[in-house]
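# Coordinate inspection notes
So the chains spell out like this:
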2 protein chains.
Amino acid sequence: MPSLQPLEQLVKALSRLPTVGRRSAERMAHKIMEQRDSILPGLILALTEARNRLTFCSRCGSMTLTERNPCAICQDDQRDAVICVVEDAAAVIAIEQAGGYRGRYHVLGGRLSPMAGTGPGELRVRALRERLVSEQVREVCIALNTDVESDATAHYLAGELAGLDVRITRLAFGLPAGSGIEFTDALTLSRAIRARAPLDE
Amino acid sequence: MPSLQPLEQLVKALSRLPTVGRRSAERMAHKIMEQRDSILPGLILALTEARNRLTFCSRCGSMTLTERNPCAICQDDQRDAVICVVEDAAAVIAIEQAGGYRGRYHVLGGRLSPMAGTGPGELRVRALRERLVSEQVREVCIALNTDVESDATAHYLAGELAGLDVRITRLAFGLPAGSGIEFTDALTLSRAIRARAPLDE
């Protein structure tokens, strides 16, 4: 069969999405084409809008509208002088949706991972230290996942912030082990935020 | 948190893809944004190209380039006077890739399904009958899936074509039961094409 280059291109682009293998990408591509009048225009528009109108907050690193940078949370004077340190922008949304937290955020942009080649230099730690001073933060709540690399990252962070006049806490255990923050149900996450405890307890 | 409307829109558009639920769509949206310089432009381009350059062949219903309609297979004089009837355009690609078949195709565009409200009127049966005459077809090979609805569709088709001067075959059993054509490995599919048998055997 003569190859359909636009189809092949679409399959390749789709297979770069997370959890999407070659076969799923092929199915998606066909489904998209079969329902192209209903699916395609909206998808192209949404992706284009996302590219043009979404960015990452230059202060905390969470997702924000391009025209609103720093983000609404960073600009909200009513937020507590607490910074919740998370791995990625998805965790910010999960914690906001869970409710019960009224502070700010700081997205590390990853976790220490010798396997993946992520060292301290790849994480936004220096920016966090600067914020502790400029925003007169009284507490840093570490809200990383519960796997081994995230635990190592939490302890590295605690070491980096030791000696500063700031209380360091972490989310209460209560998170199911080995799971990711964005997959935790709202109640569990909300309770863990309320029961956060000092790192060395 | 103030809602990020472009993000919400993207999540909704992604969750309309097959096998993608709300949570997967959220993960995809974040991954897309995190890697937007590497993923986004290619994905938007591929979708736009697919919309502009791909269409369905007006004769057989398989996927083709917009500027090449009827498709390359329909225009290929070297193809045997056999028509392989499939449910969707994805099956055409699977059979072509399996090799061993040198005829043409006809995409039904679905299968009889009282549950989904698909009746004979929704399938491209009349167009198939017209092709049998105009293309002097000597054999119709029914290559539908092996589930109950597809079997019913195959028997309905055989009834519709009975009395015409054309041999009606189906893919050899050898396909694993309950599976879909596009998930079958090439060898199994290729053998099934070679061993195709009359419908009433």
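Check the secondary structure of chain A and you find seven helices and seven strands. When the helices and strands of chain A are placed in sequence order, the string is α-α-α-β-β-β-α-β-α-β-α-β-α-β. Seen along its three principal axes, the alpha-carbon backbone of chain A occupies a region of about 70 × 35 × 35 Å. Relative to its full complement of 201 residues, chain A shows a buried share of 52%.

In this model helix α3 (residues 36-53) of chain B runs 24 Å from its N-terminal to its C-terminal C-alpha over 18 residues, within 8% of the 26 Å that 1.5 Å per residue would give. Every buried residue of α3(B) is accounted for by B:Ile39, B:Leu40, B:Leu43, B:Ile44, B:Ala46, B:Leu47 and B:Ala50. What you see down the axis of α3(B) is that its buried residues fit within an arc of 165°, all on one side. Exposed positions of α3(B) whose direction lies more than 90 degrees from the buried face are B:Asp37 and B:Leu45. Residues of α3(B) that are buried in the fold lie against α1 (5-14), α2 (22-34) and α3 (36-53) of chain A together with α2 (22-34) and β1 (54-56) of chain B.

To continue, consider the interface of chain A and chain B. Contact residues are listed per partner, giving 56 residues for chain A and 55 residues for chain B. Approximately 5,500 Å² of surface area, both sides summed, lies buried where chain A meets chain B, with 74% of it carried by carbon and sulfur atoms. Scanning the region where chain A abuts chain B turns up zero salt bridges. Of all elements in the fold, only α1, α2, α3, β1 (54-56), β2 (63-65) and α4 (89-98) of chain A reach the threshold of two or more residues within the side of chain A that touches chain B. With 15 residues, α3(A) is the single largest residue contributor to the side of chain A that touches chain B. Along the lines of polarity and charge, the residues of the side of chain A that touches chain B split into 33 nonpolar, ten polar and 13 charged.

Right, let's talk about the packing of α4(A) against helix α7 (residues 186-194) of chain A for a bit. Residues and elements named next belong to chain A. Relative to each other, α4 and α7 sit at 90°, their axes nearing to 8 Å. Comparing the axis directions of α4 and α7 gives the class roughly perpendicular. Of the residues in α7, those in contact with Ala94, Ile95 and Ala98 of α4 are Ala186, Leu189, Ser190 and Ile193. Among the residues forming the contact of α4 with α7, the class breakdown is six nonpolar, one polar and no charged.

Glancing now at the relation of the copies chain A and chain B. In the superposition of chain A on chain B (RMSD 0.0 Å, axial shift 0.0 Å), the rotation amounts to 180°. Classification of the inter-copy transformation places it as that of a two-fold axis. No C-alpha of chain A approaches the rotation axis more nearly than that of A:Ile44, which lies at 3.0 Å. Looking at the interface residues of chain A, 98% of them are also at the interface in chain B, so both copies use one shared face.

Here we come to helix α6 (residues 148-161) of chain A. All names here are of chain A. The terminal C-alpha atoms of α6 lie 20 Å apart, and with 14 residues this matches the ideal 20 Å at 1.5 Å per residue to within 8%. Among the residues of α6, Ser150, Thr153, Ala154, Leu157, Ala158 and Leu161 are the ones counted as buried. Projection of α6 onto a plane perpendicular to its axis shows the buried side chains occupying an angular sector of 140°, all on one side. Residues Val148 and His155 are exposed on α6 and point more than 90 degrees away from its buried face. Close packing links the buried residues of α6 with β3 (82-86), α5 (125-134), β5 (139-142) and β6 (167-170). Backbone nitrogen of Glu149 and a side-chain oxygen of the N-cap are separated by 3.2 Å at the start of α6; the cap is Asp147. Gly163 sits one or two residues past α6 and shows a positive phi near 95°.

Residues and elements named next belong to chain A. Taken residue by residue, chain A gives an average pLDDT of 88. The fraction at 70 or more is 96%. Mean pLDDT across the elements of chain A ranges from a minimum in strand β7 (residues 197-198), with 70, to a maximum in strand β4 (residues 104-107), with 96. For this predicted complex, the interface confidence reaches an ipTM of 0.77, while the overall pTM sits at 0.75.

Across all of its chains, the model carries 26 salt bridges over all chains by this definition. With a closest N to O distance of 3.3 Å, A:Arg53 and A:Glu49 form a salt bridge. Here A:Arg53 and its partner A:Glu49 are both found in helix α3, four residues apart, which amounts to about one turn of the helix. Here B:Arg111 ties to B:Glu87 by a salt bridge, and the two come within 3.5 Å at their closest N and O atoms. In this pair, B:Arg111 is assigned in the loop between β4 (104-107) and α5 (125-134) and B:Glu87 in the loop between β3 (82-86) and α4 (89-98), connecting sequence segments 24 residues apart.

Residue position: B:Arg79 is located in the loop between β2 (63-65) and β3. Only 2.9 Å separates the side chain of B:Arg79 from the backbone oxygen of B:Gly103, close enough to count as a polar contact.

On to the pairing of β5(A), then. Residue and element names in this part refer to chain A. Judged by which residues are buried, β5 turns out to be covered on both faces: Glu139 and Cys141 on one side and Val140 and Ile142 on the other are all buried. Sheet topology places β3 next to β5; four bridges connect them, and they run parallel. Along β5, the bridge assignment pairs Cys84 with Cys141. Where β5 meets β6, four bridges bridge the pair, whose relative direction is parallel. Looking at the pairing, Glu139 lines up with Arg167 of β6. Taken together, β5, α6 and β6 form a β-α-β motif whose crossover is right-handed.

What counts as what
Residues numbered from 1 in each chain as written. Chains lettered and ligands numbered in written order. Predicted model: local features only at pLDDT ≥ 70, side-chain atom pairs only at ≥ 80, totals over all residues. Heavy atoms only, no water. Helix = DSSP H or I, 4+ residues; strand = E, 2+ residues; numbered from the N terminus. Buried < 20%, exposed > 50% of the residue type's maximum accessible area, 1.4 Å probe, protein only. Expected span 1.5 Å × (residues − 1). Arc of directions from axis to C-beta. Contact = heavy atoms within 4.5 Å. Buried area = accessible area lost by both parts, 1.4 Å probe. Salt bridge = Lys/Arg side-chain N within 4 Å of Asp/Glu carboxyl O. Nonpolar A, V, L, I, M, F, W, Y, C, P; charged D, E, K, R; others polar. Axes fitted to C-alpha atoms, helices over the stretch in contact; angles between N-to-C directions. Parallel < 35°, antiparallel > 145°, perpendicular 65-115°, else oblique. Least-squares fit on C-alpha atoms with pLDDT ≥ 70 in both. Polar contact = N/O pair within 3.5 Å; in protein donor to acceptor, adjacent residues only side chain to side chain. pLDDT = per-residue confidence, 0-100. Pairing = 2+ DSSP bridges. Right-handed = clockwise from strand over helix to strand, strands pointing away.

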